[in-house]
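Survey of secondary and tertiary structure
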Amino acid sequence: MNIDGSLDSLGDEDLARCPTWAAARRRSRPPCSRCAAELLLYWNGPATTGVWLELCPVCDANRPAGTALIAWIRDSDRRPADLPQLFDDWESKTMQALGWSVVPAAGTPAELPSYEEHAPRGHG
């Protein structure tokens, strides 16, 4: 539902004829820059990199992390809990293919402690 309710009575055909809606749909997912197929996902990469990541069912079908994410998106019985790891793997592998690598921040411990019940209170 939108804020002012102005589009509530419009059907799919009416929205498709609306120039603003059509332009927004085109901007939201451009065609694949490699093969011009319809993208499954168009994502702004990690902050400050300026990289846009594309998940293409054609170009990424043979890449392990891409294949796993494509299969998850297309699976009607998918488990939402699997998405964070699949997405992280895909983002990391795609950035590596573009020449980027993950470097832990200086002074960051290799593994942060997890708190099962209550997180400790902060100081402030």
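This section reports on the structure supplied with the text. Just so you know, these numbers come straight off a predicted model, no measurement behind them. (Residues numbered from 1 in each chain as written. Predicted model: local features only at pLDDT ≥ 70, side-chain atom pairs only at ≥ 80, totals over all residues. Heavy atoms only, no water.)

Comments concerning the overall build of the protein
- If you tally the helices and strands in the protein, you get four helices and two strands.
- Order of helices (α) and strands (β) in the protein, N terminus to C terminus: α-α-β-β-α-α.
- Burial statistics for the protein: of 124 residues in total, 20% are counted as buried.
- Residue pairs in contact within the protein that sit at least 24 positions apart in sequence constitute 33% of those at least 6 positions apart.
- For the protein, the accessible area works out to roughly 9900 Å², and carbon and sulfur atoms hold 55% of it. (Helix = DSSP H or I, 4+ residues; strand = E, 2+ residues; numbered from the N terminus. Buried < 20%, exposed > 50% of the residue type's maximum accessible area, 1.4 Å probe, protein only. Contact = heavy atoms within 4.5 Å. Areas by Shrake-Rupley, 256 points an atom, 1.4 Å probe, with all protein chains shown as cover.)

Describing the environment of Leu69
- When you line up the elements, Leu69 lands in helix 3 (residues 64-74).
- Residue Leu69 is classed as buried on the basis of its relative accessible area, which comes to 1%.
- Once the C-alpha coordinates of Leu69 and Trp90 are considered, the two residues, 21 residues apart in sequence, prove to be 7.1 Å apart.

Some points on the side chain of Glu54
- Structurally, the position occupied by Glu54 is in strand 2 (residues 52-55).
- For the buried residue Glu54, which engages in no salt bridge, the nearest side chain bearing the opposite charge is Arg34, 4.0 Å off.
- A polar side-chain atom of Glu54 sits 2.9 Å from a polar atom in the side chain of Ser33.
- In this view, Glu54 contacts Pro31, Cys32, Ser33, Arg34, Leu39, Leu41, Tyr42, Asp60 and Trp90; residues no more than four positions away in its chain are not counted. (Lys, Arg positive; Asp, Glu negative; His and termini not counted. Salt bridge = Lys/Arg side-chain N within 4 Å of Asp/Glu carboxyl O. Polar contact = N/O pair within 3.5 Å; in protein donor to acceptor, adjacent residues only side chain to side chain.)

What to know about the side chain of Thr94
- Here Thr94 is to be found in helix 4 (residues 83-97).
- Classification of Thr94 by relative accessible area gives buried; the value is 15%.
- At 2.8 Å, the side chain of Thr94 forms a polar contact with the backbone oxygen of Trp90.

Observations regarding the packing of helix 3 against helix 4
- Where helix 3 meets helix 4, the closest approach of the two axes is 8 Å, and the angle between their N-to-C directions is 145 degrees. Handedness of the helix 3/helix 4 crossing: left-handed. Across from Ala65, Gly66, Ala68, Leu69 and Trp72 in helix 3, the residues of helix 4 making contact are Leu83, Leu86, Phe87, Asp89, Trp90 and Lys93.
- For the contact of helix 3 with helix 4, a count of residues per class yields eight nonpolar, one polar and two charged. (Axes fitted to C-alpha atoms, helices over the stretch in contact; angles between N-to-C directions. Left-handed = near helix turned anticlockwise from the far one by under 90°. Nonpolar A, V, L, I, M, F, W, Y, C, P; charged D, E, K, R; others polar.)

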